[in-house]
Structures are given as C-alpha cells and as structure tokens.
Amino acid sequence: MVDQFADPSKDAPAGTEGGGCLCGEIRYEFPRDAMISAHHCHCVDCQKSTGSGKATILFVPADQLLIKGEPKTYTVVGSAGSHVTRGFCAHCGSPVLSLRRRAASAEVY
C-alpha cells in the first residue's frame, strides 16, 4: 500500500510535476514546461465534481500526461455543451483528471 500522506511529486523526475489520489492507486506526472495554463472553474459541474466552490484545473496535452493506475470515468455534457469525462480513483473516490472531447488536452486536478 502506498503511503497516503507521502508527497507524490517527490518521486517525480526533475522538471516534472506529479500528483495523485488520496490512497495512492492513481498517480500522474507531466513535464512542467508542457503545462498550457492553470485556472479555477466555478461552473456547477465543477462544483459538483469536487464538492467545493471550484475546481483547480491544469491544462496539459494528453500526450504529455503519464497516468499510473486505472481511473474510473464518468462522462457528462458540461455546462458549455462539451462532453467532459471525469476520472477518479475507484478505491478512495479522489477526482484526478478530466478530459474534454473537443480538446487535445487533459485537465489534471
């Protein structure tokens, strides 16, 4: 079992960012310079998916994102009309990524 309180980015190679779910079954890494942008979304869909007032979103090209583990997914039509597939850990329920069908990028929470 992975230490759920360990910093997931400490094992990432230099120049990369990393993160993951609470229980450690899902981990991700991406090159720091591949990040396109970062923002907070306050739409109702993001509020519901995070259980808070916003989602913190990093836009990263899907081909630059390494995912370790198999997230469960759920697809909805977002408030802007695009299909959003949200990935989460099947064990602990942590939301870890979102994919939009119209974009060639992945959003990492």
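Residues numbered from 1 in each chain as written. Predicted model: local features only at pLDDT ≥ 70, side-chain atom pairs only at ≥ 80, totals over all residues. Heavy atoms only, no water.

**Comments concerning the sheet that holds strand β1 (residues 16–20)**
Read across the sheet, three strands follow the order β1-β2-β5 without closing on themselves; strand pairing throughout is antiparallel. Looking at strand neighbours, the two that pair on one side only are β1 and β5 (66–68), the edges of this open sheet. Taking each pair of neighbouring strands and ignoring which way they run, the sheet shows an average axis angle of 15°. Relative to strand β2 (residues 27–31), β1 runs antiparallel, the two being bridged by five bridges. When the sheet's bridge partners are listed, Thr 16 is paired in β2 with Pro 31. (Pairing = 2+ DSSP bridges. Helix = DSSP H or I, 4+ residues; strand = E, 2+ residues; numbered from the N terminus. Axes fitted to C-alpha atoms, helices over the stretch in contact; angles between N-to-C directions.)

**Brief notes about the pattern of salt bridges**
Within this structure, the stated rule accounts for two salt bridges. The closest approach of N and O atoms between Arg 32 and Glu 17, which form a salt bridge, is 2.6 Å. Here Arg 32 is found in the loop between β2 and β3 (37–41), whereas its partner Glu 17 is found in strand β1, with 15 residues between them in sequence. For Arg 32, a relative accessible area of 46% puts it in the partly exposed group. Of the charged contacts, one joins Lys 68 and Glu 29 as a salt bridge, the two residues approaching to 3.6 Å between their closest N and O atoms. A residue pair is termed long-range when its members are at least 10 positions apart, and Lys 68 in strand β5 and Glu 29 in strand β2 qualify at 39 residues. With a relative accessible area of 43%, Lys 68 lands in the partly exposed category. Under the relative-accessibility criterion, Glu 29 is labelled buried at 17%. (Salt bridge = Lys/Arg side-chain N within 4 Å of Asp/Glu carboxyl O. Buried < 20%, exposed > 50% of the residue type's maximum accessible area, 1.4 Å probe, protein only.)

**Some words on the pairing of strand β7 (residues 83–88)**
Taken together, the six bridges between strand β6 (residues 72–77) and β7 define a ladder with antiparallel strand orientation. Of the residues in β7, the one forming a bridge with Thr 75 is Thr 85. Connecting β6 to the next strand, β7, in antiparallel fashion are five residues, including Gly 81 with a positive phi near 95°. Alignment of β7 against strand β8 (residues 95–100), held across five bridges, turns out to be antiparallel. The partner of Gly 87 across the bridge, within β8, is Leu 97. Following β7, the chain reverses through six residues before pairing antiparallel with β8; Gly 93 in that reversal takes a positive phi of roughly 85°.

**Concerning the side chain of Thr 85**
Summarising the element assignment, Thr 85 is placed in strand β7. You can call Thr 85 buried: its relative accessible area is 19%. Among the polar contacts made by the side chain of Thr 85, one reaches the side chain of Thr 75 at a distance of 2.8 Å. Those residues in contact with Thr 85 that lie beyond four places of it in its chain are Thr 73, Tyr 74, Thr 75, Leu 97, Ser 98 and Leu 99. (Polar contact = N/O pair within 3.5 Å; in protein donor to acceptor, adjacent residues only side chain to side chain. Contact = heavy atoms within 4.5 Å.)

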